[in-house]
Protein chains: 2
Amino acid sequence: MKKKNLKRKKKIVVIGGGTGVYTVLSALKPYSADLSAIVTMADDGGSTGILREEFGILPPGDIRRALIALSNSDNKMLSDLLSYRFQEGVGLTGHNFGNLLITALHRLTNDFESAIDEAGKILSIQGRVIPVTLGHSKLMAELESGEIIKGENNIDIPKHDGRLKIKKVWLKPAADINPNARKAIMDADLVIIGPGDLYTSLIPNLLVRGVREAIQKSKAKVAYFVNIMTKFGETNNFSAMDFINELEAYIGRGNLDFVVINNKKPSPSRLSGYVKERAEFVDPKLPLSGKRSFMPITADLVRSKGLVRHDPMKVAKIIQMLL
Amino acid sequence: MKKKNLKRKKKIVVIGGGTGVYTVLSALKPYSADLSAIVTMADDGGSTGILREEFGILPPGDIRRALIALSNSDNKMLSDLLSYRFQEGVGLTGHNFGNLLITALHRLTNDFESAIDEAGKILSIQGRVIPVTLGHSKLMAELESGEIIKGENNIDIPKHDGRLKIKKVWLKPAADINPNARKAIMDADLVIIGPGDLYTSLIPNLLVRGVREAIQKSKAKVAYFVNIMTKFGETNNFSAMDFINELEAYIGRGNLDFVVINNKKPSPSRLSGYVKERAEFVDPKLPLSGKRSFMPITADLVRSKGLVRHDPMKVAKIIQMLL
C-alpha cells in the first residue's frame with residue numbers, strides 16, 4: 001500500500017477497545033505513522049468470555065479487532081476469516097475464528113504476547129498490538145443505587161436498570177501495566193483515547209496501575225475522542241462534558257491536551273434506528289464558564305451514511321492536525 | 001526454497017489420504033515437479049466427522065494434511081497452527097485448527113474447492129489439493145462374516161472383530177469424480193497411489209465413479225506404494241501380494257505399472273512398539289510363479305529411526321527413477 005506522508009514519522013498510541021480502536025487504526029493505517037494499539041483486557045463476554053474461562057487466557061476479542069485494523073495483507077479473505085463467527089455446530093456456534101486463532105497460537109507459544117506477534121505476522125500487520133496488562137482481572141462497577149455489578153459483559157449488556165448511573169468502576173484484582181504498553185506510551189508523540197464505550201472499553205485501560213502515570217510522564221500529547229452517541233446502561237443522557245468529566249476522573253485532571261467532539265447531528269431518520277437501543281446523540285456543547293486544561297476541537301466527525309459512527313477519513317484529518 | 005531439478009518438469013498426481021499422502025508430497029516438494037494431491041472424501045471420524053455432521057461440509061482432515069505437506073510458507077508457525085488440535089474447552093476439545101480454517105473458509109466462499117484454494121493461498125502451497133469427489137458419501141464395508149460396517153471411522157478403528165477380513169467396500173450413495181481430479185489424472189505423467197490405509201484411505205478414491213476410467217485413459221504411469229506394516233481390522237496378516245491383489249481388484253488388473261515394496265525389516269525393538277496395535281511387518285516376497293502386469297520395485301524405504309513409516313528421501317529417490 002502507498003503511504004501518504006505526515007510531516008514526519010510520528011509515534012501514535014491508540015488506547016481503547018472495541019470498534020472505536022478499529023476506526024482510529026483504520027484511519028491512521030494509510031499514513032506512515034508508527035502505530036501501537038493498547039487494548040483493554042477486561043472483556044469477558046461471548047466467545048472471548050468462553051475462551052477466558054475454558055483456556056485461562058487473556059481476552060482475545062479486542063486484540064483481534066486491532067490486528068485486523070492494522071493488517072496490510074493483500075489477502076482480503078484473511079481479514080474476513082479473522083472476523084468470521086461460527087453460526088453452526090454445538091461446540092462452535094458463537095466462536096469467532098480470530099479468537100480461536102489467538103487461542104491456538106497461545107497454546108503453541110505458551111505466551112499471550114508471542115501469540116499476538118505470530119497472529120500479526122500471519123496478517124502482515126503494520127504496527128503493534130499490545131495488551132494493556134498481562135494480569136487477569138475482572139471489571140467491577142458500583143451503580144448509584146449501591147448495587148455492585150461483576151464483569152465487563154454484565155455492565156456492557158445491562159441486566160440491571162440501565163438508567164442508573166455508574167458511580168465507579170475498578171479492576172478485581174488490581175492489575176499492573178504491561179511493560180510494553182508502558183514503553184509505547186512513554187515513547188509516543190500522540191496518545192489517542194477513544195472513541196469507545198466509556199466504562200467498558202476506555203476506562204478499564206486507565207484502571208490498570210501504571211497507565212495513568214505513564215501518560216503523565218510521557219511527552220506525548222493526549223487526545224480524547226468523545227463518543228457520538230450515548231449508550232444505555234453506561235452513558236445514558238451523557239453530554240460531551242459528562243464524558244470528559246468521567247474520563248478525567250480516571251486519567252487525572254490536566255492530562256488531556258485535546259478533546260475531540262463531533263458537532264454534526266445526524267438526520268432524525270438515521271437517529272431513529274437508535275431509539276430501540278435507547279442511545280441518543282451526545283450534546284456537543286461545553287459550558288461557557290469554567291477553566292479548562294484541554295483544548296476542545298469540534299468538527300463534523302460522523303460518517304455520511306449508515307451507522308452513526310466516527311468516519312475514519314474525518315478522524316484522520318483531525319489527527320494530522322494534532323501531530 | 002531452492003528447487004532441485006528433475007530431468008524435466010513432470011506432472012505428478014498423488015492419490016490417497018492420511019499420513020501417506022503427507023509423506024509422498026513432502027518427499028516431492030523439494031523437486032520442481034507439478035504436484036497435485038487427490039484426496040479421499042470418505043473420512044468421518046473425530047473433528048472431521050463432527051464438522052461433516054454439523055456443517056454438512058465435505059471432510060476437511062485429509063485436505064488439511066495435504067495442504068500442510070505442500071506449504072511453502074516461510075512461517076513454520078503456520079503449519080504448526082494448522083496441525084494444532086484443541087485439548088481444552090467444552091466445545092473445542094478435539095477440533096483441529098486447520099479443519100476449522102477450512103470450515104470457516106467454506107462458509108465465507110460457499111464452496112469447498114474455493115475454501116481449499118484460499119487455505120492454499122494462506123499457506124503458500126506449491127501445487128494443488130483436489131477432493132476426489134464433491135459428492136457426500138459414506139464408506140461401507142462387508143466383512144467375510146457378512147456383517148456390514150457403516151462409516152470410514154468404524155472400519156478404521158474396528159469395533160468389530162478385527163481379525164475378520166474385509167470382503168468388499170463401497171460408497172453409499174455412489175459418488176462421481178470431481179472434474180478437477182479427472183483433469184489432473186488425465187494430464188499426469190505419473191500417478192502415485194499410497195502408501196496409506198488400504199480400505200479407508202486408498203480404495204475410497206478408486207470407488208468414486210470415473211477415477212478408474214481416468215487412470216485407464218491417462219497416459220500416466222501408475223505406481224502403487226505398498227504399506228510397510230499391516231493394520232489390524234483392515235489388512236491383518238496381509239503380505240505385499242495381498243495388498244496388490246486387493247488394490248488391483250478396485251483399480252482393475254493391468255492398470256498398475258509399478259509396485260514399490262519395502263524390503264527392509266526394521267529391528268525387533270522397533271517392531272515391538274507395534275505389538276499392542278497388532279500391526280506386523282508386511283512380507284515383501286512376491287510369488288515366483290504367475291504372470292504380472294506390473295514391474296515390482298523392492299528397496300529399503302523405511303525411516304532409519306522412529307515410527308516405522310516410509311522415509312520421504314527414499315521415496316523421492318524411487319519416484320525420480322520412475323519418471
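Residues numbered from 1 in each chain as written. Chains lettered and ligands numbered in written order. Predicted model: local features only at pLDDT ≥ 70, side-chain atom pairs only at ≥ 80, totals over all residues. Heavy atoms only, no water.

Chemist: So, the interface of chain A and chain B: which residues are in play, and what are the values?
Modeler: Each partner contributes to the interface: chain A provides 28 residues, whereas chain B provides 28 residues. When the two sides are added together, the surface that chain A and chain B hide from each other amounts to roughly 2500 Å², 77% of it contributed by carbon and sulfur. There are 2 salt bridges connecting chain A and chain B. Notably, a salt bridge pairs glutamate 88 of chain B with arginine 107 of chain A, separated by 2.6 Å at the nearest N-O pair. Where chain A meets chain B, there are 4 residue pairs in polar contact (both at pLDDT 80 or more). Looking at the side of chain A that touches chain B, the elements with two or more residues in it are α2 (46–55), α4 (76–83), α5 (97–109) and α6 (112–122) of chain A. The leading source of residues in the side of chain A that touches chain B is α5 of chain A, at 9 residues. Across the side of chain A that touches chain B, the residue classes tally to 16 nonpolar, 6 polar and 6 charged. (Contact = heavy atoms within 4.5 Å. Buried area = accessible area lost by both parts, 1.4 Å probe. Salt bridge = Lys/Arg side-chain N within 4 Å of Asp/Glu carboxyl O. Polar contact = N/O pair within 3.5 Å; in protein donor to acceptor, adjacent residues only side chain to side chain. Helix = DSSP H or I, 4+ residues; strand = E, 2+ residues; numbered from the N terminus. Nonpolar A, V, L, I, M, F, W, Y, C, P; charged D, E, K, R; others polar.)

Chemist: Explain the relation of the copies chain A and chain B to me, using residue names and the numbers behind them.
Modeler: Mapping chain A onto chain B calls for a screw motion: a turn of 180 degrees about the axis and a shift of 0.0 Å along it, with 0.0 Å RMSD after fitting. What the superposition gives is, in effect, a two-fold axis relating one chain to the other. Distance from the rotation axis, computed per C-alpha, reaches its smallest value in chain A at glycine 91 of chain A: 1.7 Å. (Least-squares fit on C-alpha atoms with pLDDT ≥ 70 in both.)

Chemist: Describe α4 of chain A, with residues and values.
Modeler: All of the buried residues along α4 of chain A are Met77, Leu78, Ser79, Leu81 and Leu82 of chain A. Looking at the buried positions of α4 of chain A, the neighbouring elements they touch are α3 (61–70), α5 and α6 of chain A together with α5 (97–109) and α6 (112–122) of chain B. Residue asparagine 75 of chain A occupies the N-cap position of α4 of chain A, its side-chain oxygen lying 3.1 Å from the main-chain nitrogen of methionine 77 of chain A. (Buried < 20%, exposed > 50% of the residue type's maximum accessible area, 1.4 Å probe, protein only.)

Chemist: Just give me the short version of the domain arrangement of chain A, but keep the residues and values in it.
Modeler: Residues and elements named next belong to chain A. Segmenting chain A into domains produces domain 1 (1–41 + 174–323) and domain 2 (43–131). Relative placement of domain 1 and domain 2: their C-alpha centres are 23 Å apart. Listed by partner, the interface residues are 24 residues for domain 1 and 21 residues for domain 2. Considering only the surface of domain 1 that becomes buried against domain 2, Tyr22, Lys29 and Met41 emerge as the three largest contributors, covering 35% of it. (Domains from an automatic or database assignment.)

Chemist: Which residues make up the pattern of salt bridges, and what values go with them?
Modeler: Summed over the entire model, instances satisfying the criterion amount to 30 salt bridges over all chains. As a salt-bridge pair, glutamate 234 of chain A and lysine 231 of chain A come within 3.3 Å of each other at their nearest N and O atoms. Take glutamate 234 of chain A: its relative accessible area is 3%, and that puts it in the buried class. Of the charged contacts in the structure, one is a salt bridge between arginine 253 of chain B and glutamate 248 of chain B, with a shortest N-O distance of 2.6 Å. One salt-bridge network, in which partners are shared between bridges, spans Asp156, Asp197, Lys231 and Glu234 of chain A.

Chemist: Quick one: what's the story with the sheet that holds strand β6 (residues 166–172) of chain B, residue by residue and with numbers?
Modeler: All names here are of chain B. Read across the open sheet, the 3 strands follow the order β5-β4-β6; overall the sheet is antiparallel. At either margin of the open sheet sits one strand with a lone partner, and together these are β5 (148–150) and β6. Here the average twist between neighbouring strands, direction ignored, is 20 degrees. Both strand β4 (residues 138–143) and β6 contribute to a ladder of 6 bridges, which runs antiparallel. Looking at the pairing, methionine 140 lines up with tryptophan 170 of β6. (Pairing = 2+ DSSP bridges. Axes fitted to C-alpha atoms, helices over the stretch in contact; angles between N-to-C directions.)

Chemist: Give me the packing of aromatic side chains: which residues, what numbers.
Modeler: The full count for this structure, using the stated rule, is 9 aromatic pairs over all chains. Where tyrosine 84 of chain A meets phenylalanine 86 of chain A, the ring centres are 5.2 Å apart and the plane angle is 85 degrees; that geometry is what we call edge-to-face. Each member of the pair tyrosine 84 of chain A and phenylalanine 86 of chain A is classed as buried. Joined through ring pairs, the aromatic side chains of Phe55, Tyr84, Phe86 and Phe97 of chain A together with Phe55, Tyr84, Phe86 and Phe97 of chain B make up one cluster. Stacked on the ring of tryptophan 170 of chain A, the Lys or Arg lysine 168 of chain A has its end atom at 5.3 Å from the ring centre. (Phe/Tyr/Trp six-rings, centres within 6.5 Å; stacked < 30°, edge-to-face > 60°. Lys NZ or Arg CZ within 6 Å of the ring centre and 35° of its normal.)

Chemist: I'd like a rundown of the sheet that holds strand β9 (residues 258–262) of chain B, residues and numbers included.
Modeler: Residue and element names in this part refer to chain B. Spatial strand order, β3-β2-β1-β7-β8-β9-β10: 7 strands in an open sheet with parallel pairing. In the strand order of this sheet, the two ends are held by β3 (128–131) and β10 (295–299), each with one partner. If you compare each strand with its neighbour and ignore which way they point, the axes differ by 20 degrees on average. Here strand β7 (residues 190–193) pairs with strand β8 (residues 221–225) via 4 bridges, running parallel. The residue bridging leucine 190 from the neighbouring strand is lysine 221, located in β8. Each of β1 (11–16), β2 (34–39) and β7 is contacted by helix α1 (residues 18–28), which is oriented at about 165 degrees to β1, the strand it contacts most.

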